[in-house]
Amino acid sequence: MSTVAAPPPPKTNRIGLELKQYRGLKTTLCAGCGHNSISERIVECCFEMGVDPSRVIKVSGIGCSSKSPAYFLGTSHGFNAVHGRMPSVATGALLANHDLRALGVTGDGDTASIGIGQFIHLMRRNLPIMYVIEDNGCYGLTKGQFSATADLGSKLKSGVANDLPPIDTCAMAIELGATFVARSFSGDKKQLQSILKAALAHDGTSMIDVISPCVTFNDHQGSTKSYTYVQENRHDLNAVDFVPFFEEIQISDEIEPGEVREVTLHDGSTLLLKKIEEDYDPSDTMAAVKTLHDHAQRGEVLTGVFYLNTQKKNFLELLNLREAPLWQVSESNGGRPPESALREIMEELG
Amino acid sequence: MSTVAAPPPPKTNRIGLELKQYRGLKTTLCAGCGHNSISERIVECCFEMGVDPSRVIKVSGIGCSSKSPAYFLGTSHGFNAVHGRMPSVATGALLANHDLRALGVTGDGDTASIGIGQFIHLMRRNLPIMYVIEDNGCYGLTKGQFSATADLGSKLKSGVANDLPPIDTCAMAIELGATFVARSFSGDKKQLQSILKAALAHDGTSMIDVISPCVTFNDHQGSTKSYTYVQENRHDLNAVDFVPFFEEIQISDEIEPGEVREVTLHDGSTLLLKKIEEDYDPSDTMAAVKTLHDHAQRGEVLTGVFYLNTQKKNFLELLNLREAPLWQVSESNGGRPPESALREIMEELG
Amino acid sequence: MSTVETAPVGTGVPILSDRIVNDFSVQVATVNGSGSQTANLILLRALFQMGIPVSGKNLFPSNIAGLPTWYTIRTNKKGFIGRKKEIDFLVAMNVETAREDVLDLPAGAAVVYDEPLHLDALRTDLHFYPVPFTQLVTPVCPNAKLRKLVKNIIYDGVLAWLLGIDLEEIRKALYKQFSTKPKAADLNWNAVQAGYDWAKENLQKADPFFVERMDATAGKIIIEGNAAAALGSIFAGVSVVTWYPITPSSSLAETLMDYARKYRLDPEGKATFAIVQAEDELASIGMALGAGWAGARSMTATAGPGISLMSEFVGLGYFAEIPVVIFDVQRMGPSTGLPTRTAQGDLLACATLSHGDTYHPMLIPSCPEECFEMAGTAFDLAEELQTPIFVMLDLDLGMNYWMADQFKYPTAPLKRGKILSSEDLDRLGSFERYRDVDGDGICYRTLPGTENPAAAYFTRGTGHNEAAQYSERPDDWVRNMDRLARKFKTARELVPPPAIDEVEGASIGMVVCGTTEFAAVESLEQLADEHSLKTSYMRLKAFPFNENLIDFIRGHDRIYVVDQNRDGQLYQLIRTDCPAELVSRLRSVRYYGGLPIDARTITDSIVEQEGL
Amino acid sequence: MSTVETAPVGTGVPILSDRIVNDFSVQVATVNGSGSQTANLILLRALFQMGIPVSGKNLFPSNIAGLPTWYTIRTNKKGFIGRKKEIDFLVAMNVETAREDVLDLPAGAAVVYDEPLHLDALRTDLHFYPVPFTQLVTPVCPNAKLRKLVKNIIYDGVLAWLLGIDLEEIRKALYKQFSTKPKAADLNWNAVQAGYDWAKENLQKADPFFVERMDATAGKIIIEGNAAAALGSIFAGVSVVTWYPITPSSSLAETLMDYARKYRLDPEGKATFAIVQAEDELASIGMALGAGWAGARSMTATAGPGISLMSEFVGLGYFAEIPVVIFDVQRMGPSTGLPTRTAQGDLLACATLSHGDTYHPMLIPSCPEECFEMAGTAFDLAEELQTPIFVMLDLDLGMNYWMADQFKYPTAPLKRGKILSSEDLDRLGSFERYRDVDGDGICYRTLPGTENPAAAYFTRGTGHNEAAQYSERPDDWVRNMDRLARKFKTARELVPPPAIDEVEGASIGMVVCGTTEFAAVESLEQLADEHSLKTSYMRLKAFPFNENLIDFIRGHDRIYVVDQNRDGQLYQLIRTDCPAELVSRLRSVRYYGGLPIDARTITDSIVEQEGL
Ligand SMILES: Cc1ncc(C[n+]2csc(CCOP(=O)(O)OP(=O)(O)O)c2C)c(N)n1
Ligand SMILES: Cc1ncc(C[n+]2csc(CCOP(=O)(O)OP(=O)(O)O)c2C)c(N)n1
Ligand code: SF4
Ligand code: SF4
Ligand SMILES: [Mg+2]
Ligand SMILES: [Mg+2]
């Protein structure tokens, strides 16, 4: 753990905004829903990181989770699209304006059931987006049916047990090319904050699966996505600390320097991974997948930053785009080739 | 290699059918197309295994590959569905009649691009189906655009290089729960035959990715799915031999007994995996995924049987279905509860 | 009039000259997730047990807990149980909406409210009944955690006293509701009694609304349309159900699952059905089609967004001629729209779903009995016509509790359509899948698994000739498309005919479908009583329409087609179908506010268009 | 008549009294993948260069190589370049179809054929020209592998001699075609000459078909509709293109890519566009909508199956009001249908795509010039109306080569619609996304990234009020839906008006859209010439229709609406839209064989319906 006592948070952040300017509408989700905690973390992290809300887009699908963007960053544009298709909408928006920062918020049903196709292709493209799955193993908004992340044997309130294996979105994301892959728990304020901040500092797809219990439909005994189950079976792969580029790194002296892996992120911030698992190399895809698999086999909920690649080009970089965002393209600035061009083409075709 | 010289093939197989009864219409695919070889292998394998064509359904999506079911097993019912959605159609057909044997034939575009969502959920369910991807890294039928299995850097005829990583359908299938996962090459008659036969003998999802060059659009220099590339960069994980349940196993004496792994399949047939890779355990999912990954990293086309699990229940077994196929359910045999049942229900609701 | 002025003081329940009996609506405004649904159902059931025609409509938000919900119960001695625009009796339990709820009431209405809300300050022309719910709940519910839930049941007791509901019927309904939880039953029963006792002692009846026993519900049941459709499917031999959750259709599949597990196991305890929750609607319709192709009675249930996603596959079903039943429990669209509001807004989309030239039959039930029956008809038609059949419920019908006659046990054998067995094939000698042997556009099919080398054919969404071979020939294409059109014509004769009520001397007619029925029949009476307007009536039960509709139009000068959507979708379908010379007789009445349509809306529109 | 009887022997090219000049059709029957497409284009271009109005239509299979293909070139001095039913001159290179091809010809037609096919045995009423292609190709093409391809070019030489095509024009066209491959050009040119020389020496012209120079193509170009639409988009400032391959739309996106790489790089060589091949159509429309939302001119191109898959998203686009342009290059549906056959079969599907109440504007170009222009109009309209705009091409227009006038350079500024900048917001003080400030149903929007805390709003497919907040209130819903209807009314005024040709004294009119134009104008002449039937003409260029259509209908007794689909989709849209009293004037003419409609089909149908 880092030792320096955190100074009382300043009233305004480094871009002069107050915390309340990062808030959204009052939540209409159930009291105690994990998703609400995640919204709060997003508010704090964006505030503390000094993210400019006018440059943020909040993109989501359909579900309780996908509603949550209404409850944070009230001065950012939001797009609550259709079920399972947030990735394509986010991709398009970033094509139109690569200066935007995309926060994608989705549910396990939205992503792993109906949306797994778009999820996969987004990961493959390494689209620069913070992609948060608010994962409760069920469809909250339609009253608690199993989603595709429900664990084998996990039980519905009615007692019915799930007989299919879960899709591990983190393993998939790593396998497919996402460049920042982590899992956290809505109930762990500190870890979730560090991971979200690191994700915000990363340039590429940051895929974060946040176990986020559904208190109304999936928080009972027998569910593997309940608060109790997660608390009891959680295992931290690494302790995660984040130091933004505008602060200085101070490594706690409780930990031997050698045990800390420092990763410099795109914006100059630093991610500190304190090695709880021996010899874990977060840049090794296969090690990451295997670790996930091993823990899952044991019924453990592994959290932490599993995989990180700060070198790979993101999708937008592959497109050789001009500097000013494409939406600004108009007749006078490159959107309409000169008359001579049309003449040339007509001659060729004549 | 097995040593015993194969006896001249009998005119009729064990169920009394001739080879020609396993043929279909004359192909309309390009001369030299890998898909044609696969069709031929399917004809031979079904003949030699004595598969009953009237119990087979051939299910496909859209593409050159998906057309191919018209060119084999002319006396089996076929269903050429819509693009990318063969898995759901196959699932439904098997629900209606679990006595059917499903041959799913699809392309890399059909499965890995538009169809990756249904692919994933089918694998997760371990539906009993032989799922063959005729994989040419491109969309043949729409004239050669990249599909999602195109390798990073592979070139189109026009010289344009692919800048996205491929989806490894085998790695995905293993990760997701398929119970027989292999890759082969349309140009390797022997290996493909053994693998197809084993797949036919397996009870559960057998996912076979067959590299099947598109001679018209993706067989040029610079393509990693050309005949030449595959021939030059192919690496066999294991030599595969198959002995059907109705023949006796004779292990070649060229190979030390310890080097052969025998796997008994659902119908009593035996799969012989001759260990070319040291210590490879085809029942270890993580080893399989890692091996795939390592070879892919080196630009190699790894073929062989990667993963096999003969224990896991298939999807239909999870459903507690009655023995006679569901399509036969009618008013007189369980399809209409007795009048007393309706009375009971009405009373409850009264 | 204000409560103070009109309420006779201190003499108990007043006998008013203008006593309004069994003809009013009660609305309970609460917060969802607060257990009020139970209290409301008990109320509904108690009235039903008293023999009074009654309906209950739940107006709930697309949210799980914490947002405003309104439950409206209407009693009507004549049996008019459609939505009534005005609320006569409000139970205001939700602090957030109370003000607006009260302000919206017509003068003379009554309000039971949670005392601290002080709603009586808002208006002087209502009957106010403040009730100290919080005080009342404490003694009956020692467990503080449960009080939020139990508080709501108290209003049942209060209403029982105020409206004259037989307490014994409340008790019966309550114990039925809590039949598996006797402890909870006792707890709640005590709360009801507390409410009743307190009301009796402290409230003075001032409003005119009363219930009295009748005999209009004997032998009837109470059920949601979704459950009725599920039961209909169960008794129609459905064997493959594939679905993806979506409001308001989820409960159709879920109820089906519950009933199937109980009533559709074979003697060995094995399932005679498979129910699969698919990964999305593309998969659910794909599976259902695969199953239909392989011979099963298969179905899926969905709502608007699912319908859109199914477009491509439904076009395949039409063109490759595969039986499947699709229940569309319509909600308010376009897009995600209002998932918990009702509409008849998918009629146009479903009638011609998919690109290219396509047409699909639709059955349109208006009540639970028809949900039950038409489920059976739909499976028969799907197999007879070898095509996707839509059953168009709506949220109002699907998710609300309705009184209904007991369902009749179906005795007719299932119509499995033209299927050739191996023996048939031997006898016939040849088989062509898409040959119109009988001239009705419907061809013979074989099922996969038929042990006969002549059985196989290749099913495809591409152009094909009669032998099911791929063909790009214009003549093959045209012949096949013409045959499909012929088949659709055959469908006209096979689908259920409309319900018709021709009124002697009526120069105008009203045409509706589905749940519009309830507002429509009431409107007919309003038109007659208030405007002496004789109006014939037709309720369409299916698309394509048959000759009856044309005759009906021909028989009247003006035809009012009533739609629960913005664009007059039923009106458009009729306009497209009806002979040109009759088109000018058609008029359109539309409502699209998301609530079930009410009689007054129809009446007002017709009266206006008639220039009365 | 047989060739033997009528052909004058031994005296070279006969001068026939019934010489038919610049008014016939040539069909080349080959196998796809055999290089014949090049030979055909050279032929087409040579005729074009001779100033003769000409069209070329490729009838190809849904297959890559080995199946029959027919290419039909029509010359017509009057400029009628629609499909002609009869083939006057056949080049029979395909052994598989030769028999049927020959049997289908009208008497008096001519046949060039590969000698070993011995087609002359089939009929006695045709002019036969056997050509020993295999012998001819060997000397000119030493590389045996290439002979299959080069063999086809030989018929260009043979036809040049037989029809009188200027060999120099063939040479020009050929070298243009092979401009990047000079070696192949020489090789092929030799083959053409060999064909010509052989024909000159060995064939005796017996048929009456000739071409002669004209001056009807000066300044024109030859282009496919897809390329024209691509260019139109390029010059309209499109910046985000997302697509998924599907016949017949792929070449639209692919041509766009090629041109964009050449003409849409900024001075630093950076792209002013992004083109993304998506994983499927759900993703391509989702991306295009995301981009439109974020302010880009975005588009996708697809065909029927893609349209079906886009249904849900297009409903979102309608309801959340997002600009996007969707090119639908229509092919024959339903389902996968005939991917390489043309139709106008998605009109109904697109007009109301998606569940719930929805309407979408469509632009319907008939020719490459309009593909170019309407692409620009579509992007303007999408941004002005903030809604998905469909541009309805068809396979005939999109994939065939057409003569066209040179495209006019667009000079008008792009219409980017009602977008508020940060400064606007400061000035206005407040912003509500869905408030109808101007009364035209079109509201103001802000783009993500606008640096102003007042800029943000929440876009959703769920019900919302004017401030873009989630709302389930009936009044909010109705107000919003009514405004959307108002916006669609505004669209009536903004879309391009129809082309009208009112004929004095005509009591009947013809209404068409898109490529039906070419058959229609020829049919008008047939009706006049053969039946003295004066017929007014209207070509609709867009949906929704505007008042012109109603006036046109009103001005005539009977209106023939011509459709290239089974269900009379344009007819239906007009029937739904037109005042009831006019409906009985509407008549329907339909063709749905998969080929482009021809004049005779229209004429025959009208003549029959007119009872002539
Ligand atoms: C096409 C479509 N199908 C189904 C639905 C119904 N639906 C709404 S939310 C939801 C599931 C949401 O689950 P998840 O993404 O896990 O979100 P949660 O509510 O659990 O946070 C479903 C199936 C829909 N809105 N659209
Ligand atoms: C919904 C839909 N989108 C697009 C197409 C067009 N299409 C036909 S085949 C195909 C790609 C096939 O590629 P693949 O599956 O790899 O098969 P191959 O031809 O390479 O064997 C596409 C995009 C279609 N038929 N349907
Ligand atoms: S239903 Fe579950 S997921 Fe939805 S808001 Fe409530 S607790 Fe959260
Ligand atoms: S185009 Fe390619 S994939 Fe298609 S048939 Fe030809 S070779 Fe095979
Ligand atoms: Mg969830
Ligand atoms: Mg392919």
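It is worth spelling out the pairing of strand 9 (residues 220-224) of chain D at this point. Residue and element names in this part refer to chain D. Most of strand 9 sits inside the fold, with four of its five residues counted as buried. Of the strand pairs in this sheet, strand 9 and strand 17 (residues 401-405) are connected by five bridges, and their pairing is antiparallel. Across the sheet, residue isoleucine 221 finds its bridge partner in strand 17, namely alanine 404.

Before going further, it helps to examine the interface of chain C and chain A. Listed per partner, the contact involves 20 residues of chain C and 21 residues of chain A. Summed over both sides, the interface between chain C and chain A buries roughly 1,400 Å², with carbon and sulfur atoms accounting for 56% of that surface. Interface area lost by chain C to chain A is led by C:Ile64, C:Tyr244 and C:Gln277, which between them contribute 35%. Where chain C touches chain A, the interface holds zero salt bridges. The interface formed by chain C and chain A holds seven residue pairs in polar contact (both at pLDDT 80 or more) in total. Within the residue set of the side of chain C that touches chain A, elements represented by two or more residues are helix 9 (250-263) and helix 10 (281-293) of chain C. Per-element accounting of the side of chain C that touches chain A gives the leading share, three residues, to helix 9 of chain C.

Tallying each qualifying case throughout the model produces 42 aromatic pairs over all chains. Arranged with centres 6.1 Å apart and planes meeting at 75°, the rings of C:Phe431 and C:Tyr457 form a pair that is edge-to-face. Taken together, the residues C:Phe431 in the loop between helix 15 (422-428) and strand 18 (458-460) and C:Tyr457 in the loop between helix 15 and strand 18 connect sequence positions 26 residues apart. Accessibility expressed as a relative area gives 7% for C:Tyr457, which makes it buried. Among the aromatic side chains, those forming a connected cluster through ring pairs are C:Phe235, C:Phe372, C:Phe407 and C:Tyr409. Over the ring of D:Phe210 we find D:Arg19, and its NZ or CZ is 4.0 Å from the ring centre. The cationic tip of D:Lys205 hangs over the ring face of D:Phe210; the distance from NZ or CZ to the ring centre is 4.3 Å.

Our focus in this paragraph is the confidence of the model for chain C. All names here are of chain C. On average, chain C scores 95 in pLDDT, and the residues at 70 or more come to 97%. Long-range and interchain partners of residues 1-15, a stretch whose pLDDT sits below 50, account for 28 contacts in this model, where long-range means more than four residues apart. Of the two predicted TM-score estimates for the complex, the pTM is 0.97 and the ipTM is 0.97.

All names here are of chain C. A cluster of acidic residues, Glu493, Asp501, Glu502, Glu547 and Asp551, forms a negative patch on the protein surface. Mapped onto the fold, glutamate 547 is located in helix 18 (residues 547-554). Judged by its relative accessible area of 52%, glutamate 547 is exposed.

All names here are of chain C. Over its 14 residues, helix 2 (residues 36-49) extends 20 Å from the first C-alpha to the last, a length consistent with the 20 Å expected when each residue adds 1.5 Å. For helix 2, the buried fraction is high: twelve of the 14 residues fall into the buried class. When we look at burial in helix 2, the residues that qualify are Ser36, Ala39, Asn40, Leu41, Ile42, Leu43, Leu44, Arg45, Ala46, Leu47, Phe48 and Gln49. Within two residues after helix 2, glycine 51 carries a phi angle of roughly 85°, on the positive side.

All names here are of chain B. Protein coordination of the magnesium ion (ligand 6) is provided by Asp108 (OD), Asn136 (OD1) and Cys138 (O), with donor distances spanning 2.1 to 2.2 Å. Each donor residue of the magnesium ion (ligand 6) lies on one chain, and together they are spaced D-x27-N-x1-C. Overall, the relative accessible area of 3% leaves cysteine 138 in the buried class.

With that settled, the discussion passes to the site of ligand 2. Ligand 2 sits among 23 residues. The nearest are B:Ser65, B:Gly109, B:Asp110, B:Gly140 and D:Glu281. Around ligand 2 the close residues trace back to chains B, C and D. Expressed as a share of its isolated accessible area of 590 Å², the protein-covered part of ligand 2 is 98%. For the shell around ligand 2, the secondary structure elements donating two or more residues are helix 2 (64-67), helix 4 (108-113) and strand 5 (138-139) of chain B together with helix 11 (304-320) of chain D. Counting residues per element, the shell around ligand 2 draws most heavily on helix 4 of chain B, which supplies three residues. In terms of residue class, the shell around ligand 2 is built from ten nonpolar, nine polar and four charged.

As a further point, take the packing of helix 17 (residues 516-531) of chain C against helix 20 (residues 599-609) of chain C. What describes two packed helices is the angle between their axes and the distance between those same axes. Residues and elements named next belong to chain C. Axis separation between helix 17 and helix 20 bottoms out at 7 Å; the angle between their running directions is 50°. Judged on the interaxial angle alone, helix 20 and helix 17 are oblique. Pair helix 17 / helix 20 crosses with right-handed handedness. Across the interface between the two elements, Thr516, Ala519, Ala520, Glu522, Ser523, Gln526, Leu527, Glu530 and His531 of helix 17 pack against Ala599, Arg600, Ile602, Thr603, Ile606 and Val607 of helix 20. Residue composition of the contact of helix 17 with helix 20, grouped by class: seven nonpolar, five polar and three charged.

Two strands in a sheet stick together by hydrogen bonds in their backbones, pointing the same way (parallel) or opposite ways (antiparallel). Ordered by their spatial adjacency, nine strands build an open sheet running 9(B)-13(B)-7(B)-8(B)-4(B)-3(B)-1(B)-2(B)-18(C), and the pairing between neighbours is mixed. Each having just a single partner strand, strand 9 (234-236) of chain B together with strand 18 of chain C make up the two edges of the open sheet. Taking the axes of each pair of neighbouring strands and ignoring which way they run, one obtains an average angle of 20° across the sheet. Across seven bridges, the pairing between strand 4 (residues 129-135) of chain B and strand 8 (residues 205-211) of chain B is parallel. Note that in strand 8 of chain B the partner of B:Val132 across the bridge is B:Ile208.

Parameters at a glance
- All chains use their own residue numbering, which begins from 1 and follows the written sequence.
- Both sets of labels track the order of writing: A upward for chains, 1 upward for ligands.
- In keeping with the model being predicted, local features are shown solely for residues with a pLDDT of at least 70 and side-chain atom pairs are shown and tallied solely at 80 or more, while totals for entire chains, interfaces and linings include all residues.
- Only hydrogens and water are set aside when side-chain values are computed; all heavy atoms of the structure are taken into account.
- Three labels apply to residues, based on accessible area from a 1.4 Å probe with only protein chains included: buried if under 20% of the type maximum, exposed if over 50%, partly exposed otherwise in between.
- To qualify as a helix, a DSSP run of H or I must reach at least 4 residues; to qualify as a strand, a run of E must reach at least 2; elements of each kind are numbered from the N terminus.
- Between any two strands, at least two bridges found by DSSP are needed for them to pair.
- Pairs of residues are marked as contacts when any of their non-hydrogen atoms sit within 4.5 Å.
- Computed with a 1.4 Å rolling probe, the buried area is the accessible surface lost when two parts are put together, summed over both parts.
- What makes a salt bridge here is a side-chain nitrogen of Lys or Arg within 4 Å of a carboxyl oxygen of Asp or Glu, nothing more.
- In the analysis that follows, any N or O atom pair within 3.5 Å is treated as a polar contact, provided that within protein one partner can donate a hydrogen and the other can accept it, and provided that, for residues neighboring in sequence, both atoms belong to side chains.
- Only rings of Phe, Tyr and Trp enter the pairing, Trp through its six-membered ring, and a pair is recorded when the two centres are within 6.5 Å. The plane angle decides the type: under 30 degrees is stacked, over 60 is edge-to-face, the rest tilted.
- Note on geometry: a ring has a charge over it if NZ (lysine) or CZ (arginine) is within 6 Å of the ring centre and within 35 degrees of the ring normal.
- A score between 0 and 100, pLDDT records how confident the predictor is in each residue.
- Any residue with relative accessible area above 30% and no salt bridge may belong to a patch, with like charges joined within 9 Å and the nonpolar Val, Leu, Ile, Met, Phe, Trp and Tyr side chains within 5 Å.
- Here the Shrake-Rupley method, with its probe set to 1.4 Å, supplies the accessible areas, and only the displayed protein chains count as covering residues.
- Two residue types count as positive, namely Lys and Arg, and two as negative, namely Asp and Glu; His and chain ends fall outside the count.
- Think of each charge as sitting on NZ of Lys, CZ of Arg, CG of Asp or CD of Glu.
- Given a helix with a known number of residues, its expected span is that number minus one, times 1.5 Å.
- Distances define the donors: N, O and S atoms within 2.8 Å of the metal qualify, as do those within 3.2 Å of Na, K or Ca. Water is excluded, so some sites may look unfinished.
- Only heavy atoms are used to decide nearness, and a residue is near a molecule or strand if one of them lies within 4 Å of it.
- Each residue gets one label: Ala, Val, Leu, Ile, Met, Phe, Trp, Tyr, Cys and Pro are nonpolar, Asp, Glu, Lys and Arg are charged, and the others, such as Gly, are polar.
- Angles shown run from 0 to 180 degrees and are taken between the N-to-C directions of axes, each axis being a line fitted to C-alpha atoms and, for helices, limited to the stretch in contact.
- Oblique is the label for any angle not covered by the other classes, which are roughly parallel (under 35 degrees), roughly antiparallel (over 145) and roughly perpendicular (65 to 115).
- Whether a crossing is left-handed or right-handed is set by the direction in which the near helix is turned from the far one by less than a right angle, anticlockwise for left-handed and clockwise for right-handed.

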